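# Observations on the model geometry
Here is how the chains run, residue by residue.
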Amino acid sequence: MDRRPLIGVSTYLVDASWSDWRGRRVALLPERYTAQVRDSGGIAVLLPPDVPDRAPEVLTRLDGLVIAGGPDIDPAYYGEPVHPATEVDSPERDAWEVGLLRSALAAGMPLLAICRGMQILNVVCGGTLVQHLPDVMPVDVHGGSPGRYGSHPVRPVPGTLLGGLLPESELEVPTSHHQAVGRLGSGLRVSAHAPDGTVEAVEGPGFALGVQWHPEQGDDLRLMRALVRAATAAALDTLALG
């Protein structure tokens, strides 16, 4: 394989303002995601919300997938009413990312799901979410502050995919979330916890990894590099079979 793998990264769909333009609907993504893909040896391809039925076709043109962080998924996807603290304002993005994850899992495509992405991965696999951690945690260390990421330790589970990539017994990670895994989705395995017991990573068959923190906000490239390696290997296998 004489090309860098193409890594699709999902995007926000929001109203934004810049220069002389105000309140324009835009698909956007924090630059740290694409920088990590680039610095890990891949080429980032942005995937703005589209018709969910097109997800399988889109993925045939990619080698790997990143589902980015963002606002909360509509709890209707896991059969619950909306909590007062749940931010539901991205129906097009919800439907698109559900479609992408279902298609990626069906195809065995290497994927890395970050924060919101991990939560959607759990929901797609039939799991549920804790809609507001401060309701169930006496001390909430996960949320950061408005406009700022916080940090807290996570503990990878030895013997898992994540534990092999991050072999430390504990490491500090950038974090900003108020929701978390409730009931674990079918076919998923917990591969990291916070000291308070919150699920901080899940994984499925092959290279299907979700992390609750934001690796793109730090300097540790190990997870993204592992995704790029897995995407390269999968592309080579496809070429060999073809």
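Structure's up top.
The structure contained in this document is the topic of the report that follows.

### Things to note about the sheet that holds strand β8 (residues 150-156)
- In spatial order, the strands read β4-β1-β5-β6-β13-β12-β11-β8-β9; together these 9 strands make up an open sheet with mixed pairing. Edge positions in the open sheet fall to β4 (43-47) and β9 (171-175), since each of these has one partner strand only. The sheet shows a mean angle of 25° between the axes of neighbouring strands, taken without regard to direction.
- Here β8 runs beside strand β11 (residues 189-193); their pairing, made up of 2 bridges, is antiparallel. Across the sheet, the residue bridging to Arg155 is His193, located in β11.
- Against the sheet, helix α1 (residues 31-39) contacts β1 (6-10), β4, β5 (64-67) and β6 (111-114), and its axis sits at roughly 145° relative to β4.

### Side note on the nonpolar core
- With 29 residues, the main nonpolar core has Val66, Leu112, Leu162, Leu209, Val211, Trp213 and Leu223 as its most contacted residues.
- Contributions of two or more residues to this core are made by β1, α1, β6, α5 (161-165), β9, β13 (208-211) and α6 (222-241).
- Looking at which element gives the most residues to this core, the answer is α6, with 7 residues.
- Setting aside chain neighbours within four positions, we find Leu162 in contact with Pro156, Ser191, Ala192, Ala201, Glu203, Leu209, Val211, Trp213 and Leu223.

### Observations regarding the pattern of salt bridges
- Taken as a whole, this structure holds 12 salt bridges when the rule is applied.
- Linking Asp63 and Arg3 is a salt bridge whose minimum nitrogen-to-oxygen distance equals 2.7 Å. Taken together, the positions of Asp63 in the loop between α2 (55-59) and β5 and Arg3 in the segment before β1 put the pair 60 residues apart, joining distant regions of the chain.
- Asp63 sits in the buried class, given a relative accessible area of 9%.
- Arg3 sits in the partly exposed class, given a relative accessible area of 45%.
- Among the ionic contacts, a cluster of salt bridges with common partners joins Arg93, Asp94, Glu97 and Arg116.

### Section: the packing of helix α3 (residues 91-107) against helix α4 (residues 116-124)
- Where α3 meets α4, the closest approach of the two axes is 10 Å, and the angle between their N-to-C directions is 65°. As judged from the angle between their axes, α3 and α4 are roughly perpendicular. In this structure, the crossing between α3 and α4 has a hand that is right-handed. Across the interface between the two elements, Arg93, Asp94, Glu97, Val98, Leu101, Arg102 and Leu105 from α3 touch Arg116, Gly117, Ile120, Leu121 and Val124 from α4.
- A per-class count over the contact of α3 with α4 returns 6 nonpolar, 1 polar and 5 charged.

### Structural notes on α3
- With 17 residues, α3 extends 24 Å from end C-alpha to end C-alpha; this agrees with the ideal 24 Å at 1.5 Å per step.
- Those residues of α3 that sit buried are Arg93, Asp94, Trp96, Glu97, Val98, Gly99, Leu100, Leu101, Ser103 and Ala104.
- Phi for Gly108, located one or two positions after α3, is positive at around 70°.

### Points about unusual backbone geometry
- The phi dihedral of Ser19 falls on the positive side, at around 50°, and the residue is not glycine.
- For Ser19, the position within the fold is in the loop between β2 (12-18) and β3 (21-28).
- One non-glycine residue, Cys115, lies in the positive phi region at around 55°.
- Its place among the elements puts Cys115 in the loop between β6 and α4.

### Observations concerning the packing of aromatic side chains
- The full count for this structure, using the stated rule, is 0 aromatic pairs.
- Lying across the ring of Tyr12, Arg93 places its NZ or CZ 4.6 Å from the centre.

### Some details on α1
- Here α1 has its buried residues at Tyr33, Ala35, Gln36 and Val37.
- Trailing α1 by a residue or two, Gly41 shows a phi angle of about 100°, which is positive.

### Structural notes on the environment of Gly127
- Position of Gly127 among the secondary structure elements: in the loop between α4 and β7 (129-130).
- What makes Gly127 buried here is its relative accessible area of 1%.
- Residues Gly127 and Leu184, spaced 57 residues apart in sequence, show a C-alpha to C-alpha distance of 4.9 Å.
- Look past the residues within four positions of Gly127 in its chain and what remains in contact with it is Tyr78, Asn122, Arg183, Leu184 and Gly185.

Calculation notes
Residues numbered from 1 in each chain as written. Predicted model: local features only at pLDDT ≥ 70, side-chain atom pairs only at ≥ 80, totals over all residues. Heavy atoms only, no water. Pairing = 2+ DSSP bridges. Helix = DSSP H or I, 4+ residues; strand = E, 2+ residues; numbered from the N terminus. Axes fitted to C-alpha atoms, helices over the stretch in contact; angles between N-to-C directions. Contact = heavy atoms within 4.5 Å. Core = buried A, V, L, I, M, F, W, Y, C linked by side-chain atoms within 4.5 Å. Buried < 20%, exposed > 50% of the residue type's maximum accessible area, 1.4 Å probe, protein only. Salt bridge = Lys/Arg side-chain N within 4 Å of Asp/Glu carboxyl O. Parallel < 35°, antiparallel > 145°, perpendicular 65-115°, else oblique. Left-handed = near helix turned anticlockwise from the far one by under 90°. Nonpolar A, V, L, I, M, F, W, Y, C, P; charged D, E, K, R; others polar. Expected span 1.5 Å × (residues − 1). Phe/Tyr/Trp six-rings, centres within 6.5 Å; stacked < 30°, edge-to-face > 60°. Lys NZ or Arg CZ within 6 Å of the ring centre and 35° of its normal.

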